[in-house]
Amino acid sequence: MAVVALRLLGPVARRAAGGPPCRAHRLTPADDELYQRTRLTVLEPESPNTMFIEGYSSRGFTISGDLVVGPCAVLPRTILQWNVGSYRDISYESLSLFRLLEPQIEILVLGTGDRVERLHPAMLKHMRESGIAVEVQDTPNACATFNFLTSEKRVAAAGLIPPRGTYMGM
């Protein structure tokens, strides 16, 4: 008799009587623990050591507030002088620095000066075989690309040759 009465009264009465919820039952915050607010926990805060290229001139670059004179290698947390004079000096040996990094970088952005210069295809192929994508651009665009990649939390590095023009404040 009680079962017949609960069926007639509907899902609300069945739930109040301790019965299982039916399809028409709506969850409310008091019903169970599944209906809780979503929480977000940041596992790794942004690193203050992330490199950001602020500007460039014909003499060098302003990177994270530091002035770097001449060509440079911008790594995820370090800036190094890069021993190249022009795009003609970019070789298998000059790129070896980027292949030795741990953790390995995903992408290498090369800034070749005022214009995009063509690098030897075998050298680029070897970098791809090492698991590193290479993007060759003029230096102004390479700076912007590097900043975008690092803002997206990508593991990127840049090899930059100063252009002849000047632009401060990216």
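Quick caveat, the model's predicted, so the values are computed rather than measured.

Asker: Help me understand unusual backbone geometry in this model?
Answerer: The linkage connecting Glu102 with the following residue, Pro103, adopts the cis geometry, with an omega of -5°. Position of Pro103 relative to the elements: it lies in the loop between α3 (96-99) and β6 (107-111). Although it is not a glycine, Ser64 adopts a positive phi angle of roughly 50°. Exposure remark for Ser64: the relative accessible area of 32% places this residue in the partly exposed category. Even without a glycine there, the phi angle at Lys153 is positive, about 65°. When you line up the elements, Lys153 lands in the loop between α5 (139-151) and β8 (156-160).

Asker: Is there a simple way to think about α5 in this case?
Answerer: An α-helix turns once every 3.6 residues. As a result, residues three or four positions apart point the same way. In this model α5 runs 18 Å from its N-terminal to its C-terminal C-alpha over 13 residues, within 8% of the 18 Å that 1.5 Å per residue would give. Taken as a whole, α5 has its buried residues at Thr139, Ala142, Cys143, Phe146, Asn147, Leu149 and Thr150. Here the buried residues of α5 occupy an arc of 165° about the axis, which is enough to place them on one side. Where α5 is buried, its residues touch β1 (53-56), β2 (60-63), β4 (72-74), β6, β7 (133-137) and β8.

Asker: How should the side chain of Arg99 be read in this particular structure?
Answerer: Looking at the secondary structure, you find Arg99 in helix α3. Here Arg99 sits buried without a salt bridge, and the closest side chain of opposite charge, Glu93, lies 7.1 Å off (N-O distance). Of the polar contacts made by the side chain of Arg99, one reaches the backbone oxygen of Tyr92; its length is 3.2 Å.

Asker: Looking at this structure, how should I read the confidence of the model for the protein?
Answerer: Low pLDDT means the predicted coordinates in that region are not meant to be read closely. For the protein, the mean per-residue pLDDT works out to 81, and 68% of the residues sit at or above 70. Scored below 50 in pLDDT, residues 40-45 shows zero contacts in the model against residues more than four places distant or in partner chains.

Asker: So what exactly am I meant to see when it comes to the pairing of β2 here?
Answerer: Walk down a regular strand and you will see the side chains alternate between the two sheet faces. When β1 meets β2, the two strands line up antiparallel, connected through three bridges. Along β2, the bridge assignment pairs Gly55 with Thr62. Counted along the chain from β1 to the antiparallel partner β2, the turn is three residues long. From the end of β2 to the start of strand β3 (residues 66-69), which pair antiparallel, there are two residues, and Ser64 there has a positive phi angle of about 50°.

Asker: In this structure, what is going on with helix α4 (residues 121-129)? I would like to understand it.
Answerer: Along α4, the residues classified as buried are Met123, Leu124 and Met127. Projection of α4 onto a plane perpendicular to its axis shows the buried side chains occupying an angular sector of 95°, all on one side. Turned more than 90 degrees away from the buried face of α4 sit Arg128 and Glu129, all of them exposed. Tucked into the core, α4 has its buried residues touching α3, β6 and β7. Gly131, located one to two residues past α4, shows a positive phi value of around 90°.

Asker: Any chance you could explain the environment of Arg164 here in plain terms?
Answerer: Looking at the secondary structure, you find Arg164 in the loop between β8 and β9 (167-168). Residue Arg164 is classed as exposed on the basis of its relative accessible area of 72%. The spacing of Arg164 and Ser57 is 107 residues in sequence and 7.1 Å in space, taken between C-alpha atoms. When residues no more than four places from it in sequence are discounted, the contact partners of Arg164 are Ser58 and Asp114.

Conventions adopted
Residues numbered from 1 in each chain as written. Predicted model: local features only at pLDDT ≥ 70, side-chain atom pairs only at ≥ 80, totals over all residues. Heavy atoms only, no water. Helix = DSSP H or I, 4+ residues; strand = E, 2+ residues; numbered from the N terminus. Buried < 20%, exposed > 50% of the residue type's maximum accessible area, 1.4 Å probe, protein only. Expected span 1.5 Å × (residues − 1). Arc of directions from axis to C-beta. Contact = heavy atoms within 4.5 Å. Lys, Arg positive; Asp, Glu negative; His and termini not counted. Salt bridge = Lys/Arg side-chain N within 4 Å of Asp/Glu carboxyl O. Polar contact = N/O pair within 3.5 Å; in protein donor to acceptor, adjacent residues only side chain to side chain. pLDDT = per-residue confidence, 0-100. Pairing = 2+ DSSP bridges.

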